[in-house]
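Structure at a glance
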Amino acid sequence: MKPAERGRVETGGGEFGPAAAVGRGAPRRVNEPQPALVEPRFDGSPAQVNRQVVAIVREEWRVVDRWWTEEPVSRRYFDIVLESGQQVVVFNDEDQRLWFSQRGV
Amino acid sequence: MIACILIPGFELRAALRRRPRLALEPAALAPLPGTLPLIGPVTATAENVGVRPGMRLGEALATCPSLVLVEQDPAEAEQAWEEIVRRLEDDGFAVEPVEPGCLYFETRGVERLYGGVERCLKRALAAVGSAWDPRAGVAERRFAALAAASVARPGQLCVVSDERTRQFLAPLPLSLLPLAEERKEELEELGVRRLGELAELPGAAVAERLGPDGTRAWSQARGEEGGRVRARRPPAELSERLEFPEAVGSELTLRRALGVLLDRVLARPDRGGRAIRKVAVSARLVGGGSWRRTLTLREPMGEARRIRVALGPKLAELPAPATALAVELVELSESTGRQLELLQPEGAELHERLKEGLRQVRSSTGGGGVFSIVEVAPWSRIPEQRALLVPRDE
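Residues numbered from 1 in each chain as written. Chains lettered and ligands numbered in written order. Predicted model: local features only at pLDDT ≥ 70, side-chain atom pairs only at ≥ 80, totals over all residues.

This next bit is on the overall build of chain A. Assigned secondary structure in chain A consists of two helices and eight strands. The burial tally for chain A puts 20% of its 105 residues in the buried class. Sequence separation of at least 24 residues holds for 40% of the intrachain contacts in chain A that already meet a minimum separation of 6. (Helix = DSSP H or I, 4+ residues; strand = E, 2+ residues; numbered from the N terminus. Buried ≥ 20, exposed ≤ 12 C-beta atoms within 10 Å, placed from the backbone. Contact = placed C-beta atoms within 7 Å.)

Bringing the overall build of chain B into the picture now. Along chain B, the regular secondary structure elements total 14 helices and 13 strands. The buried share of chain B, taken over its 394 residues, is 30%. The long-range fraction of contacts in chain B, counting pairs at least 24 apart against all pairs at least 6 apart in sequence, stands at 58%.

Tracing the backbone shows A:Pro35 in strand β2 (residues 34-35). Residues A:Pro35 and A:Gln102, 67 residues apart in the sequence, show an inter-C-alpha distance of 8.9 Å.

Quick look at the pairing of strand β8 (residues 98-101) of chain A now. Residue and element names in this part refer to chain A. Here β2 pairs with β8 via two bridges, running antiparallel. Each bridged residue has a counterpart across the sheet, and for Gln34 the counterpart in β8 is Ser101. Where strand β7 (residues 87-93) folds back onto β8 in an antiparallel hairpin, the turn is made up of four residues, including Arg97, whose phi is positive at roughly 60°. (Pairing = 2+ DSSP bridges.)

Looking now at the interface of chain A and chain B. Each side of the interface is counted separately: chain A has 16 residues, and chain B has eleven residues. Every element with two or more residues in the side of chain A that touches chain B is listed here: β1 (28-29) and β5 (52-65) of chain A. When grouped by side-chain class, the residues that make up the side of chain A that touches chain B number six nonpolar, four polar and six charged. (Nonpolar A, V, L, I, M, F, W, Y, C, P; charged D, E, K, R; others polar.)

For the rest of this paragraph, the subject is the pairing of strand β11 (residues 322-332) of chain B. All names here are of chain B. Inspection of the sheet shows strand β8 (residues 238-248) paired to β11 by seven bridges, in the antiparallel sense. Across the sheet, Leu238 pairs through a bridge with Leu329, a residue of β11. Bridge count for strand β9 (residues 276-285) against β11 is nine bridges, and the pairing is antiparallel. Opposite Ala283, over in β11, you have Leu325 as the bridge partner.

A separate point is the nonpolar core. All names here are of chain B. Grouped together as the largest cluster of nonpolar side chains are 67 residues, with contacts concentrated most on Ala3, Ala136 and Ala145. With near-sequence residues (within four places) excluded, Ala136 lies in contact with Ala3, Cys4, Ile5, Leu121, Ala124, Leu125, Ala149, Ala152 and Leu157. Among the nonpolar cores identified, the runner-up in size contains 22 residues, and Val265, Trp291, Leu325 and Leu332 belong to it. (Core = buried A, V, L, I, M, F, W, Y, C linked by C-beta atoms within 7 Å.)

What follows covers the environment of B:Leu261. All names here are of chain B. Position of Leu261 among the secondary structure elements: in helix α12 (residues 251-266). Along the chain, Leu261 and Glu240 lie 21 residues apart, while their C-alpha atoms are 6.0 Å from each other. The residues touching Leu261, leaving out its near neighbours within four places in the chain, are Glu240, Leu242, Leu325 and Val327.

Now for the sheet that holds strand β12 (residues 371-375) of chain B. Strand order in this open sheet of three strands is β1(A)-β13(B)-β12(B), and the pairing throughout is antiparallel. Of all strands in the sheet, those bounded by a partner on one side alone are β1 of chain A together with β12 of chain B. Pairing analysis gives two bridges linking β1(A) to strand β13 (residues 387-391) of chain B, with the strands arranged antiparallel. Looking at the pairing, A:Arg29 lines up with B:Leu388 of β13(B).

A word on the sheet that holds strand β4 (residues 46-49) of chain A. Paired through their backbone hydrogen bonds, the strands of a sheet run either parallel or antiparallel. Pairing is antiparallel in the open sheet, where seven strands are placed in the order β2-β8-β7-β6-β5-β4-β3 (chain A). On the outer flanks of this sheet lie β2 and β3 (38-40) of chain A, each paired with one strand and no other.

Before going further, it helps to spend a moment on unusual backbone geometry. Even without being a glycine, A:Arg97 presents a positive backbone phi close to 60°. Note that A:Arg97 resides in the loop between β7 and β8. For B:Asp133, which is not glycine, the phi torsion reads 50° and is therefore positive. Within the secondary structure layout, B:Asp133 lies in the loop between α6 (117-128) and β6 (135-139). Among the residues examined, B:Asp133 registers 17 C-beta atoms within 10 Å and is labelled partly exposed.

Right, let's get into the packing of α12(B) against helix α13 (residues 304-311) of chain B. When two helices pack together, their arrangement is given by the angle between their axes and by how far apart the axes lie. All names here are of chain B. Two elements in contact, α12 and α13, have axes separated by 10 Å at closest approach and are oriented at 135°. Relative to α13, α12 is oriented oblique. Considering only the axes of α12 and α13, their crossing is right-handed. Note on element contacts: α13 touches α12 through Ala304, Ile307, Arg308 and Leu311, opposite Leu258, Gly259, Leu262, Asp263 and Leu266. (Axes fitted to C-alpha atoms, helices over the stretch in contact; angles between N-to-C directions. Parallel < 35°, antiparallel > 145°, perpendicular 65-115°, else oblique. Left-handed = near helix turned anticlockwise from the far one by under 90°.)

Residues and elements named next belong to chain B. By secondary structure assignment, the location of Gly369 is in the loop between α14 (348-365) and β12. For Gly369 and Leu358, which are eleven residues apart along the polypeptide, the C-alpha to C-alpha distance reads 9.3 Å. For Gly369, the contacting residues outside a window of four places in its chain are Val361 and Arg362.

Residue and element names in this part refer to chain B. Taking 1.5 Å per residue, 17 residues should reach 24 Å; helix α4 (residues 74-90) reaches 24 Å between its end C-alpha atoms and fits that length. Along α4, the residues that are buried comprise Ala75, Glu76, Ala77, Ala80, Trp81, Ile84, Val85 and Leu88. On its buried face, α4 sits against α1 (10-15), β4 (95-99), β5 (102-106), α6, β9 and β10 (290-301). Positive phi appears at Gly92, one or two residues downstream of α4, with a value of about 100°. (Expected span 1.5 Å × (residues − 1).)

Residue-level pLDDT values for chain A average 79, and 75% of them are 70 or greater. Here residues 4-23 of chain A is a poorly scored stretch, pLDDT under 50, and it has 25 contacts once near neighbours within four places are set aside; other chains count. (pLDDT = per-residue confidence, 0-100.)

Structural data, given as structure tokens:
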């Protein structure tokens, strides 16, 4: 299942958001990716995340997994610090061309 | 017989103790922040210019632009009330305080001591103190005693004999009844404005229209309601107070002060090793006024650390910086010991506390509010596949 589909079906509002009340009683995944608004640079690294300017890209890595299944995972992760001092991890889903933020990475 | 002592507008009188000059000016008790903007009791001068207790704040200020709003002082009111109750107890009256400004006691036990009901009541009024303008009412029934006290003049008593109770109650207004405002309005719309008119109605019709509360009010209006006086057990007088050199708003400092106060009050020899059932924390606020919170502990305990954990979060509710903080042990248990196991399994206490904490979270949030994190694939490179949130209902 793609992150966007999981976001729609299971969480929507985050782990403890409004959708959490709807899904009460059923197990849920921890640290589900959340859709993020990212403005990329020409090299694909994020310049702005959720309308906040990126100060430093601390680290960058790729996760390519489950390529042998019908739901392959191909993500480009960025560990960044925003100008506000907040630290976030975002990734670009290379199949869907969508950006997500994720905790617990 | 049952006696009732009534002090109308007690909270306002208590708040004005520090500013007696205001008692002669148009003044009213201000509403608490976050509550409906309705004024509390008012002074006689305010009443003379048309301001009534329970009026909307805007309306009251429009009626009397010079109206002074007096900030509520619950700690001062509680302390003043406690002093009154203790003075009465010292004079031999076994009192049942209902709310600040209203209490009951049985005269039977003290009539012979003071030489009759009237002397006994005069003694009680003197114990309360003339500065409070107390009124006393005596009757065979609680409600009749309350009604008698409410019609008595300040410093006077009104005795109602049992055979004249119904006749005495008949012309009095419905506002005396402990009924919800909507019920009183409903009765007024039906043309019932006096207790006598309510008493005349058939009991079955009242029960059908107004339910159990209405039936009780109907019995009271007929002077037939029962109900004994349940005298309180005088509380323990154990408190500690800390005055700050300057107002403190930092929660961390307040928590430390609370810890010191708890250590001090628990070390008092007059506690006699008894565990604490109920504890109160109060503060005097920087802009005048006071704040107080009472906490009944789940089980009697005497450990400062656990009481601090239970009481600490209350400090976050302080509306303003405090100039003084006090801790009072309101109720102590009778026993001095607690049966423990000789050997407790390792982690058993922690497990019990965790279970209890979870039970409290569940009871406040409803089912499905507590989860366990279960690792399902901690080695996975995909973060969201490593663990699951599983509802924990046990």
